[in-house]
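Structure assessment
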Amino acid sequence: MKTCWEQDGFSYYLLSNDALGLILRLNGGKTELVHFGRPLTEEDAAAMAVRPGPGWGTAVMYREQLCMDALPLLWSESGTGDYRESPLSLLREGRPLPGDFVFDRADWEHEPMASPLPQAHGQRESLRLHLRQGELFLRLCFDLYETALVRHTVLENGGDVPLTVTKLMSSLVDLKGSFTMTTLDGGWIAETHEHRTPVGCAKVVNESLTGFSSNRHNPAFLLEDGQEVYGFNLLYSGNHYAAAQRSHQGFTRVVQGMNFDHMALTVLPGETLETPEAVLCYSPEGRNGLRRRMHRFVTDHIVPEYWRCRLRPVLYNDWEGCMFDFTEAKLLSLAGKAKKLGCELFVLDDGWFGERNSDTAGLGDYTVNTKKLPGGLERLSKKLEAMGLDFGLWFEPEAVNRDSQLYRAHPDWAIESALGRNELLLDLRRAEVRDYIVENVSRILDSARVRYVKWDMNRHSCLLGGEAHAYILGLYEVLRRIFEPRPQILLEGCASGGNRFDLGMLCFASQIWASDDTDPVERLDIKEGLLNFYPQSTVGCHISASAHIQTLRTTPLTTRANVSFFGVLGLELELSHLLPVELRELKNAIAFYKAHKALFQFGEFCTLRAEEGATAWQVRDETGAAVGLFHRLVHAAQGYEFLCAEVEEDRRYTVSSRPQLLRVGQFASMLKHLVPVSLSPNGFVVRDIDRYYPMRDGEQTFTCTGAALRAGVPLALKFPGTGYDESFRNQGDFGSNVYLLTPEDGE
């Protein structure tokens, strides 16, 4: 719904749907925010608007009865008496230009961006507010989708003097309430951990300065006031900035956009400057309600249309199995094992090109290493297809080694700076560099029938300000030129893990590698942070070897699988090192995931209440639900545990745990309590027992109503310390279960 009307001398504008609503009014030519949140109608507008007043003591009056510093606004500038953070800073002929943009006109038309910046797509209701200050024009763009409001700003220089922009935000909003800000922070192998900060009179900032959206501070964040939750994000992969600050009058100002640190952009006469799109979302139903709305927005309006609701394949990545040391025969052997386990896609990672036998050489070259692959990528791809596997390939197109043919031929194409991971970034600001990448990657993709690309980038940037922004625009051009003509290729973004997990990349890459840390216990925190904003279908999740190289922690194979189910499943480990019982468990896990792939990838995700030290996740769709129950450290003589679920109360459900196998060998030192001989945990007797008589882990099936599941149903006992029983959940540290909830009237 969109409408405008006149009332009591004010012009009102409304955008609203079933999920959220925006009401603004023009007050002295300024854009005053009346309401943003739950949907309201025009009859509430006058009542929701703040009452004008004379200001507070030393306040500056913009006009009579109009104190800009006290109003909730949707845009503001320094120089009007509003001393809160401004979204705009301009210089003209080297001197600060005070801002005083006033309303000129409005329209309801949506227009595509002129720059390479990505945009949300799909059906929307649009509003454009045109502001003017002399010969400068500012356009505030509002696009309302089913579950989110998207904003961006366009500045046009209509004068005859160049304009320098030192700050231009995508969005400003003043919200009523007392909020806690939740950000996703961390670093390499420790991305997107939640941190909560109360928003008070001191400004709270969430920003990146690494040249990319970064593993340090994801651009997404929450503002929470009880069950009232606002979510924010940005369609941008470079340096970002967001800030929240509560005023004396009780409004929390939130600004978000590109980070203008070290940046001054020149807008010549007749030119425009566009900002990235900012996403604002709201839910009155707490985080789970916000997750539903954010996930729907990303699935329907961010991810490329071809992959919007298309199931992702289960992949095997050869990196941990081979690293740089492989032959075609070794790859095909691994592929055969992966196919038997149920994998659908084989991915050849690093090492297939140039003199790439370590990470010190070859990057930037695209000649296939025929010593490793005598028939090239095309022959390998055909052989994989004959086995029933699609072929995927790793690239790192943005970087170059000094020891490479490309660097020797074009050293000026590299951005000379300190080395990171033995590499330099290529200068994507240069057209010839972009052309080189597009031509070579496209040639490889078409010749080898590649169905999946892992696009890696393994270092931070040393570019500053406008140069870093130009790099990101160059990257978007490259991605658009390569993948828009090839929509069937599944692109997975990667940047040493989650160094560039953002909505800008998701406009091109339908999924992103969440972290180089595949320890499932660490992934619980990493993924729970991401899943506040990004749906499971966008999160790459691999089962890896244990003990984990990132933490040295040993975890059960069952838990590695169960955590990975809540995302896009893959394998990344040396299959020949697995015992028969582990291969059997892995095959069963993949079959279970594939049988419920739509539920795990596109089901409605939420978190559930669980006992202290445990984590509970749920996905639900029209076929039923699945609940994952994950534990960390256990204690002796454990008590009862209860399974809770968010399902329909008046339906009956059959609840069944995923069958899980345990190695007898892990308990072999305890067998002396049962048999009169000592058995080695790794001896042939125990290995044969594992092969033919593996231990089952507390399988459980029962029926109950949804009301009982909402209340909490007691589960089978965890190991009580008094002996083995197959009905027990015989798990130590880091154990887990997945429960399938099938409605009795369902299939």
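As a starting point, this report considers the structure included with it. Per-chain numbering applies: the sequence of each chain, read as written, is numbered from 1 onward. Where totals are concerned, whole chains, interfaces and linings use all residues; where local detail is concerned, this predicted model gives features only for residues with pLDDT of at least 70, and gives and counts side-chain atom pairs only at 80 or more. Only heavy atoms go into the side-chain values, all of them from the structure, while hydrogens and water stay out.

Turning next to the packing of aromatic side chains. Note on aromatic pairs: the rings of Phe, Tyr and Trp (six-membered ring only in Trp) are paired at centre separations within 6.5 Å, and the planes decide the class, stacked below 30 degrees, edge-to-face beyond 60, tilted for the rest. Scanning the model with the defined rule gives 33 aromatic pairs in all. Grouped by ring-pair contacts, the aromatic residues Phe565, Phe566, Phe592, Tyr593, Phe600, Phe605, Trp617 and Phe630 constitute a single cluster. In this structure, Arg310 is placed above the aromatic ring of Tyr306, and the distance from its NZ or CZ to the ring centre is 3.8 Å. By definition here, charges over rings are those cases where NZ of Lys or CZ of Arg is within 6 Å of the ring centre and within 35 degrees of the ring normal. Taking the ring centre of Phe734 as reference, the NZ or CZ of Arg553 above it sits at 5.2 Å.

Moving on, we come to the sheet that holds strand 5 (residues 88-92). Any two strands with at least two DSSP-identified bridges between them are counted as paired. Only DSSP runs of H or I reaching four residues or more are called helices, and only runs of E reaching two or more are called strands; each is numbered from the N terminus. If you trace the four strands from one edge of the open sheet to the other, you get 6-5-11-20, paired in antiparallel fashion. Across the chains shown, the open sheet's two edge strands, defined by having one partner strand only, are strand 6 (95-97) and strand 20 (265-267). For this sheet the average axis-to-axis angle between neighbouring strands, irrespective of direction, equals 40 degrees. In this structure, strand 5 lies alongside strand 11 (residues 163-168), joined through five bridges in antiparallel fashion. In the strand pairing of strand 11, Ser89 is matched with Lys167. Note on definitions: angles span 0 to 180 degrees between N-to-C directions of axes, and those axes are lines fitted to C-alpha atoms, for helices only across the stretch in contact.

It is worth spelling out the side chain of His130 at this point. Topologically, His130 is positioned in strand 8 (residues 125-133). Among the polar contacts listed, one links the side chain of His130 to the side chain of Asp107, at a separation of 2.7 Å. Two residues qualify as a contact provided that any one of their heavy atoms is within 4.5 Å of a heavy atom in the partner residue. Leaving out residues up to four positions away in the same chain, His130 has contacts with Val102, Phe103, Asp104, Arg105, Ala106, Asp107, Leu138 and Arg139. Two N or O atoms form a polar contact when they lie within 3.5 Å of each other; inside protein one atom must be a possible hydrogen donor and the other a possible acceptor, and for residues adjacent in sequence the pair counts only when both atoms belong to side chains.

Another point: the packing of helix 4 (residues 328-341) against helix 5 (residues 376-386). When two helices pack together, their arrangement is given by the angle between their axes and by how far apart the axes lie. Across the interface, helix 4 lies against helix 5 with an axial gap of 11 Å and an inter-helix angle of 25 degrees. Taken together, helix 4 and helix 5 sit at an angle that is classed as roughly parallel. When the axes of helix 4 and helix 5 are compared, the crossing they make is right-handed. Contact residues: helix 4 offers Glu328, Leu331, Leu332 and Ala335, while helix 5 offers Arg379, Leu380, Lys383 and Leu384. In these notes the angle categories are as follows: under 35 degrees is roughly parallel, over 145 is roughly antiparallel, 65 to 115 is roughly perpendicular, and the rest is oblique. A clockwise turn of the near helix away from the far one marks a right-handed crossing, whereas an anticlockwise turn of less than a right angle marks a left-handed crossing.

This brings us to the environment of Arg379. Take Arg379: it is sitting in helix 5. Overall, Arg379 belongs to the partly exposed group, its relative accessible area being 34%. Note on classification: 1.4 Å probe, protein chains only; a residue is buried when its accessible area is under 20% of the maximum for its type, exposed when over 50%, partly exposed between these limits.

Residues Leu223 and Trp352 are the most contacted members of the largest nonpolar core, which totals 194 residues. Considering every element that reaches this core, the biggest residue donor is helix 8 (residues 465-483), with 10 residues. Leu223 has contacts with Leu175, Phe179, Thr180, Met181, Val199, Glu228, Val229, Tyr230, Phe232, Ala244 and Val254, leaving out every residue within four places of it along the chain. The next biggest cluster of nonpolar side chains, apart from the first, holds 18 residues, and it includes Ala616, Leu629, Leu715 and Tyr739. Here, the term nonpolar core denotes a set of buried Ala, Val, Leu, Ile, Met, Phe, Trp, Tyr and Cys residues that are joined through side-chain atoms within 4.5 Å.

Glancing now at the pairing of strand 13 (residues 180-185). The buried count for strand 13 comes to five of six residues, which makes it a mostly enclosed element. Note: strand 13 against strand 14 (residues 193-198), six bridges, orientation antiparallel. Along strand 14, the bridge assignment pairs Asp185 with His193. Of the pairings in the sheet, the one linking strand 13 to strand 16 (residues 217-225) comprises five bridges and is antiparallel in character. Bridged to Thr183 within strand 16 is Phe221.

A separate point is the pattern of salt bridges. Put simply, a salt bridge is a Lys or Arg side-chain nitrogen that is within 4 Å of an Asp or Glu carboxyl oxygen. Evaluation of the coordinates by the stated rule reveals 56 salt bridges. With its nearest N and O atoms 2.9 Å apart, the salt bridge here joins Asp174 to Arg253. Separated by 79 residues along the polypeptide, Asp174 in strand 12 (residues 171-176) and Arg253 in strand 19 (residues 251-258) bring together distant segments of the chain. Of the two residues examined, Asp174 and Arg253, each falls in the buried class. Measuring nitrogen to oxygen at the nearest pair gives 3.0 Å for the salt bridge that ties Glu328 to Arg379. Of this pair, Glu328 sits in helix 4 while Arg379 sits in helix 5, placing them 51 residues apart in sequence. For Glu328, a relative accessible area of 8% puts it in the buried group. Residues joined in a network through salt bridges with shared partners are Asp82, Arg84, Asp174 and Arg253.

This paragraph deals with the sheet that holds strand 34 (residues 614-621). Working definition: the strands of a sheet are paired by backbone hydrogen bonds and lie parallel or antiparallel to each other. In spatial order, the strands read 33-34-35-42-37-40; together these six strands make up an open sheet with antiparallel pairing. In this open sheet, the two edge strands, each paired with only one partner strand, are strand 33 (604-608) and strand 40 (701-705). Sheet twist, expressed as the mean angle between neighbouring strand axes with direction ignored, is 20 degrees. Summarising the sheet, strand 35 (residues 624-631) and strand 42 (residues 736-743) pair through six bridges and their orientation is antiparallel. By the bridge assignment, Val627 is partnered in strand 42 with Tyr739.

All right, on to helix 11 (residues 557-565) then. Of all nine residues making up helix 11, nine are buried, and the element is well covered by its neighbours. Of the residues making up helix 11, those classed as buried are Leu557, Thr558, Thr559, Arg560, Ala561, Asn562, Val563, Ser564 and Phe565.

Where burial is concerned, the two faces of strand 40 differ: the one with Phe702 and Cys704 is buried and the one with Thr701, Thr703 and Thr705 is not. Pairing analysis gives five bridges linking strand 37 (residues 652-657) to strand 40, with the strands arranged antiparallel. Within the sheet, the bridge partner assigned to Val655 lies in strand 40 and is Phe702.

Our focus in this paragraph is the layout of surface pockets. The space that makes up the second largest pocket amounts to roughly 380 Å³. In this classification, the charged set is Asp, Glu, Lys and Arg, the nonpolar set is Ala, Val, Leu, Ile, Met, Phe, Trp, Tyr, Cys and Pro, and all remaining amino acids, among them Gly, are polar. Across the lining of the second largest pocket, the residue classes break down as 13 nonpolar, four polar and four charged. Using a 1 Å grid laid over the protein atoms alone, points where a 1.4 Å probe fits but cannot get out form a cavity; open sets with protein on both sides within 12 Å along at least 5 of 7 lines form a pocket; any residue with an atom within 4 Å of a point counts as lining. Grid points are joined across faces, edges and corners, and a volume is the space filled by probe spheres set on the points.

Rolled over the atoms, a probe as big as a water molecule pinpoints where empty space is left. One pass over the full model with this rule turns up seven cavities of 30 Å³ or more. Looking at the largest cavity, its volume works out to about 60 Å³. Forming the boundary of the largest cavity are Trp352, Phe353, Leu363, Gly364, Asp365, Tyr366, Phe395, Glu396 and Pro397. The class makeup of the residues in the lining of the largest cavity is six nonpolar, one polar and two charged.

Read these as layout, nothing more, since geometry by itself doesn't imply function.
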